[in-house]
Every structure is written in C-alpha cells, then in structure tokens.
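Examining the three-dimensional arrangement
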Amino acid sequence: MSDQELEKLHNHDFSKVDYLDNACDLFLIGAYTGMRFGDYSDLEGVNFEGGKFIIRDTQKTGSRVIIPQHRIVKEILAKRNGELPHSISKQKLNEYLKTIGEKAELNDPVVKTTTKGGKKTRKTYKKYKLLCTHTARRSLATNLYLAGVPV
C-alpha cells in the first residue's frame, strides 16, 4: 500500500465499529514498523522508549530492533490514551482488513498472477480483497525504497 493509502486508512473514521478501529490501528502499526505480525500484534508499553523508538527482540530471529516511532504510530497511541490496540488472531485481522479496505474505498484494480500445475493465470481484484497482515510489512519496505532510502 502506498503512503497515501495508509494515510487514507488512518484518516477514515472507524470509531463506530470498535473491532475495525482496533484492527486498522494494529495494521497501521505494522505498516509503520515493518515488523512481522507476531511482533507487532503483541507489543507492550515497555517496548516504547520515550516516545521516540520502539525496541523489541523479534520472535523469529531473537534480534533486537530499534525502530523510530512514525508520526501515525504516535497519533494512534495518543488517540488511545497511550494504550496499544489489543491483539487479535492473524486470521481475524486478515478478515477485518478486507472490510476496512472496502469501507476506505481501496478499490484500485490489482492483477495477481498465480502458477498452478505449470500454468499461469492472471486475475484482477479490487485492492481491498488482497489486504492481509503481511501487506503491512511489504508496504513499509516498498515505501522506504520509493522514498530513496538505501536498501
């Protein structure tokens, strides 16, 4: 997702449906940290260093990461009075992301190519139908690359 689409999600009012608001905030934290779902879904207040950094030992590799807090992460925390979105399962978040994307009108067509039995097929989807937890991680990497941050 582009920075503009992430902003669109952030600015959309999901407050009338608490579970969608929570899921959107959880996804945006993932999109602005680049962490894997298992790492961003169970962050705690102790992971936040003075409003400037998120410090976490990752689950998969055990490596310590120190990530600058993005403006939107700070805004999410402020909106929630310093509380993080509550954790939900990956399956539920993936389900809610489709609804969130549809409500935010992320309708651009996306062509997805799959190979099965050596045969390639192409199918066009509305963008919101392809949203998943890993979209957050890929979005950060792509957006940083497009912004000229060295690999």
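Residues numbered from 1 in each chain as written. Predicted model: local features only at pLDDT ≥ 70, side-chain atom pairs only at ≥ 80, totals over all residues. Heavy atoms only, no water.

Let's talk about the overall build of the protein chain
Note the following rule: Helix numbering and strand numbering both begin at the N terminus, where a helix is a DSSP run of H or I of at least 4 residues and a strand a DSSP run of E of at least 2. Only C-alpha atoms enter the radius of gyration; for comparison, a globular chain is expected to reach 2.2 Å times N to the power 0.38, where N is the number of residues. Each residue gets one of three labels from its accessible area relative to the maximum for its type: buried under 20%, exposed over 50%, partly exposed in between, using a 1.4 Å probe on protein chains only. Residues count as neighbours in contact if any of their non-hydrogen atoms are within 4.5 Å of one another. Per-residue and other accessible areas were derived by the Shrake-Rupley procedure at a 1.4 Å probe size, with only the shown protein chains allowed to occlude residues.
For the protein chain, the helix and strand inventory stands at six helices and five strands. Reading the secondary structure of the protein chain in the N-to-C direction produces α-α-α-β-β-β-α-α-β-β-α. Against the compact-globule benchmark of 15 Å for 151 residues, the protein chain has a radius of gyration of 16 Å, which places it among compact chains. Along the first, second and third principal axes, the C-alpha atoms of the protein chain reach 50 × 40 × 30 Å. Relative to its 151 residues, the protein chain shows a buried fraction of 39%. Put simply, 54% of the contacts in the protein chain that link residues at least 6 apart link residues at least 24 apart. Total accessible area on the protein chain stands at roughly 9100 Å², and carbon and sulfur atoms take up 51% of it.

A word on the packing of helix α2 (residues 18-33) against helix α6 (residues 133-146)
Packed helices, taken two at a time, are described by the angle between their axes plus the distance between the axes. Under the convention used in this document: Angles here are taken between N-to-C directions and fall from 0 to 180 degrees, while the axes themselves are lines fitted to C-alpha atoms, restricted in helices to the stretch in contact. Less than a right angle of anticlockwise turn of the near helix away from the far helix marks a crossing as left-handed, whereas a clockwise turn marks it as right-handed. Residue polarity follows a fixed list, in which Ala, Val, Leu, Ile, Met, Phe, Trp, Tyr, Cys and Pro are nonpolar, Asp, Glu, Lys and Arg are charged, and the others, Gly among them, are polar.
Direction vectors running N to C along α2 and α6 enclose 35°, while the axes themselves pass 7 Å from each other. In the crossing of α2 with α6, the sense of the turn from one axis to the other is right-handed. Each of Phe27, Gly30, Ala31, Tyr32 and Thr33 in α2 lies in contact with α6, whose residues at this interface are Thr135, Ala136, Arg137 and Leu140. The residue makeup of the contact of α2 with α6, split by class, is five nonpolar, three polar and one charged.

Some points on a nonpolar patch on the surface
Counted only if it meets this: Put simply, a patch holds well-exposed residues, over 30% relative accessible area, that have no salt bridge, with like charges counted together within 9 Å and Val, Leu, Ile, Met, Phe, Trp or Tyr side chains within 5 Å. Salt bridge criterion: a side-chain nitrogen from Lys or Arg within 4 Å of a carboxyl oxygen from Asp or Glu.
A cluster of nonpolar side chains, namely Tyr145, Leu146 and Val151, defines an oily patch on the protein surface of about 450 Å² accessible area. Here valine 151 shows up in the segment after α6. A relative accessible area of 98% places valine 151 in the exposed class.

A closer look at the confidence of the model for the protein chain
Counted only if it meets this: pLDDT is defined as a per-residue confidence score from the predictor, taking values between 0 and 100.
Mean pLDDT over the protein chain stands at 95; residues scoring 70 or higher make up 100%. Across the protein chain, element-level confidence peaks in helix α5 (residues 90-103) with a mean pLDDT of 98 and bottoms out in strand β1 (residues 48-49) with 83.

With respect to the environment of valine 111
Here valine 111 is to be found in strand β4 (residues 109-116). Accessibility expressed as a relative area gives 43% for valine 111, which makes it partly exposed. On a C-alpha basis, the gap between valine 111 and lysine 127 in space is 9.1 Å, while along the polypeptide they are 16 residues apart. Not counting the four nearest positions on each side in its chain, valine 111 is found in contact with Arg122, Lys123 and Thr124.

Some remarks on the packing of α2 against helix α4 (residues 71-79)
Rules: We call two directions roughly parallel when the angle between them is under 35 degrees, roughly antiparallel when it is over 145, roughly perpendicular when it lies between 65 and 115, and oblique otherwise.
Axis separation between α2 and α4 bottoms out at 9 Å; the angle between their running directions is 150°. It follows that α2 is roughly antiparallel to α4 by the angle criterion. Viewed along their axes, α2 and α4 form a crossing whose handedness is left-handed. Contact residues: Asp21, Asp25, Leu28, Ile29 and Tyr32 in α2; Ile72, Val73, Ile76 and Lys79 in α4. Considered class by class, the residues forming the contact of α2 with α4 number six nonpolar, no polar and three charged.

Describing the state of the cysteines
Defined as follows: Only a pair of cysteine sulfur atoms within 2.5 Å counts as a disulfide in this structure description.
What the rule picks out here adds up to zero disulfides. A disulfide-free cysteine, cysteine 24 has its sulfur positioned 15 Å from the sulfur of cysteine 132, the nearest such atom. We classify cysteine 24 as buried; its relative accessible area is 2%.

Examining the nonpolar core
The following threshold applies: Nine residue types can take part in a nonpolar core, namely buried Ala, Val, Leu, Ile, Met, Phe, Trp, Tyr and Cys, and a core is a set of them joined through side-chain atoms within 4.5 Å.
Core analysis: the biggest nonpolar cluster contains 35 residues, and Leu9, Tyr40, Leu93 and Ile100 have the highest contact counts within it. Elements supplying a minimum of two residues to this core: α1 (3-11), α2, α3 (37-40), α4 and α5. Ranked by the residues each element gives to this core, the list is headed by α2, at nine residues.

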